[in-house]
Structures are given as structure tokens and as C-alpha cells.
Amino acid sequence: MILHILLLIAVVLFSLLAILLRDLLKSAISLAVASIFLSIIFFMMNAPYIAVFEISVVAGLITVLFISTVALVKKEEEVKESKLVNYLFPVFFVLFIIIDIFVMKSLIGRLCVIKGPSPLGNFSQVFWKERTFDLIGQIGIIFAGVFAVIALFRKVNSDKDKDNHE
Amino acid sequence: MSSHWLLYMGFVAALIFIGLYCLLTMRNLIKLLIGVEIIAKGLSLALISTGFVRKNILIAQSLTITFIVIEVAVVATALAIIINIYRHTKSLDIRKLTKLKG
């Protein structure tokens with residue numbers, strides 16, 4: 001349990017570092033480190049498939065996407081962040097955590113999150129047989145993402161489009 | 001068992017607060033997307049830890065796989081939009097986007 005708490009503190013610290021660092025490359029890398037710690041927590045919670053997904057997709061693929069975007073947008077001038085909000089952060093942080101603990105404590109008997117009998121069998125049976133509709137939704141989402149990226153990087157070079165723009 | 005759940009929910013609240021703070025105060029577009037990522041981390045931690053405490057980890061895992069797929073699609077689309085915005089305005093500042101032009 002103590003190891004869990006230490007790893008969770010590491011996740012929170014690296015996420016905090018990701019938003020406080022000025023350099024975008026460093027903040028993307030610290031986001032990846034935070035998700036590596038999160039995947040260790042998932043592995044200790046008996047969820048190995050999610051740990052693999054987290055470490056390969058979130059820590060790998062999303063970091064590659066962020067770094068390639070940072071490389072594509074070469075900045076001339078730094079975007080200035082306002083200084084005042086940095087001092088307000090700890091106050092609101094503690095306030096938010098306290099409010100959250102109180103709300104969760106009052107809700108703890110009434111929530112029915114993922115209640116009910118746990119399904120039998122192993123993970124692949126549950127994933128492929130009981131949650132088949134989720135798979136169809138995932139395929140739709142992946143195609144939507146692919147088509148959105150294709151539509152956003154379409155080149156405008158035909159004469160017809162030029163006429164329309166003029 | 002419920003005290004463990006409260007502990008996990010405290011960390012989930014910390015992650016979600018960091019993400020919301022980033023969304024509210026930062027002006028760099030890529031930083032805003034990093035905030036969205038941190039909120040997504042908090043939500044997947046909430047799903048898995050609830051499944052772990054309730055001893056129902058299989059359904060929590062399959063829900064979280066769906067969530068991660070959605071997250072990747074959102075990030076890819078948003079980064080493509082950010083690159084297009086940069087080509088138009090030559091800046092990553094979100095305040096440059098307030099001017100509407102036909």
C-alpha cells in the first residue's frame with residue numbers, strides 16, 4: 001500500500017512538472033514519465049492489459065505525436081503565461097482536494113459504480129463476448145480520427161478550389 | 001476497503017485539478033492539450049482503482065481500453081488542428097484566436 005501511495009505521488013508530481021515547465025519538449029517527456037508510473041500502478045492492481053496499453057499507447061504513441069508537433073511548430077517567440085496564477089495554485093489545490101474528500105465521503109454508501117456480480121472467465125472472454133458493442137464503437141472512433149486527420153491535412157492545389165477561395 | 005477507495009479518489013481529484021488548472025490558466029495550445037491528457041490519466045486511474053476495490057477488474061479493464069482509444073483519437077485530431085492553427089496565425093498563443101476574420 002505504501003508503494004502504491006509513493007507511485008501515485010510520483011504520478012501527481014510529474015503531471016505537475018508537465019504543466020509548470022516552460023519547454024514544451026520537457027513537459028511532453030515528463031508526461032510520458034508520469035504515465036509510465038501510472039502503468040506500474042495498474043500492473044500492481046492486477047490489470048496487466050491496461051498497463052501494456054498505457055505504456056505503449058499513452059507513453060509511446062502520444063509522446064511521439066506531441067514531440068513531432070513541437071518539432072513542426074518552430075516557435076519564434078515564447079508564449080507568455082501570466083505570473084499571478086502561479087501563486088494561487090496551492091490554495092486552490094488544497095481547497096479542491098478537501099472538497100473532493102468530503103463529497104466522496106458523503107457519496108460512498110450511495111454510489112453503485114461497477115456493482116453487481118463480477119463476470120466469470122478471463123479478460124479476453126469478457127472483452128470479446130460481453131463488450132462487443134464497445135469494439136464496434138472503437139472501430140468507428142479510429143476511423144473518425146483517421147478521416148479527421150486526412151481532412152485537416154488536405155492540400156488545396158486544384159484550380160477549382162482556388163476559384164472558390166477568390 | 002472504502003478508505004482505500006477514498007485515497008485513490010483523492011489522487012484522482014489531484015490529477016483532475018492539475019488538468020483543469022492548466023486548461024484555465026495556460027495560453028499555449030500544446031499546454032492546453034497536455035492538460036486534457038492529465039485529466040484523461042486521472043479518469044483512467046479512477047476507473048481501474050474502482051474496479052480494483054470492488055474486485056471487478058475485468059470490466060474496468062475493458063472500459064479503460066475503450067477510453068484510451070478515444071483519448072488517442074482526440075489527441076491526434078487536436079494536434080492536427082493545432083498545426084493548422086499555427087500555419088494560419090504563426091503563433092501558438094490562444095489569445096490570437098479571438099479575432100474573427102472572414
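Worth saying up front: this structure is predicted, and the values here are computed from it rather than measured.

## Examining the overall build of chain A
So, point 1. In terms of helices and strands, chain A carries 7 helices and 0 strands.
So, point 2. Helices (α) and strands (β) of chain A occur, in sequence order from the N terminus, as α-α-α-α-α-α-α.
So, point 3. Looking at chain A as a whole, 20% of its 166 residues qualify as buried.
So, point 4. Across chain A, contacts joining residues at least 24 apart in sequence account for 42% of those joining residues at least 6 apart.

## Observations regarding the environment of Ser 49 of chain B
So, point 1. Counting through the fold element by element, Ser 49 of chain B comes out in helix 2 (residues 29-53).
So, point 2. Note on Ser 49 of chain B: 25 C-beta atoms within 10 Å, which makes it buried.
So, point 3. Sequence separation between Ser 49 of chain B and Met 9 of chain B is 40 residues; the distance between their C-alpha atoms is 8.5 Å.
So, point 4. Sequence-distant contacts of Ser 49 of chain B, that is, excluding residues within four places in its chain, are made with Met 45 of chain A together with Tyr 8 of chain B.

## Here we look at the interface of chain B and chain A
So, point 1. On the chain A side, the residues contacting the 58 residues of chain B number 62 residues.
So, point 2. It is helix 3 (residues 57-89) of chain B that provides the largest number of residues to the side of chain B that touches chain A, a total of 24 residues.
So, point 3. For the side of chain B that touches chain A, the per-class residue count stands at 36 nonpolar, 15 polar and 7 charged.

## Focus on the nonpolar core
So, point 1. By size, the foremost hydrophobic cluster in this structure holds 62 residues, and its most contacted members are Phe 42 of chain A together with Phe 11, Val 12, Leu 15, Ile 18, Ile 34 and Ile 48 of chain B.
So, point 2. Put simply, the parts of the chain that give this core at least two residues each are helix 1 (2-20), helix 2 (24-44) and helix 3 (48-72) of chain A together with helix 1 (2-25), helix 2 and helix 3 of chain B.
So, point 3. Those residues in contact with Phe 11 of chain B, other than ones at most four positions away along the chain, are Leu 8 and Val 12 of chain A together with Leu 45 of chain B.

## Things to note about the confidence of the model for chain A
So, point 1. Confidence in the prediction of chain A, expressed as mean pLDDT, is 81, and 81% of residues score 70 or more.
So, point 2. When mean pLDDT is taken per element in chain A, helix 2 of chain A scores highest with 91 and helix 7 (residues 159-165) of chain A scores lowest with 55.

Rules used throughout
- Residues numbered from 1 in each chain as written.
- Chains lettered and ligands numbered in written order.
- Predicted model: local features only at pLDDT ≥ 70, side-chain atom pairs only at ≥ 80, totals over all residues.
- Helix = DSSP H or I, 4+ residues; strand = E, 2+ residues; numbered from the N terminus.
- Buried ≥ 20, exposed ≤ 12 C-beta atoms within 10 Å, placed from the backbone.
- Contact = placed C-beta atoms within 7 Å.
- Nonpolar A, V, L, I, M, F, W, Y, C, P; charged D, E, K, R; others polar.
- Core = buried A, V, L, I, M, F, W, Y, C linked by C-beta atoms within 7 Å.
- pLDDT = per-residue confidence, 0-100.

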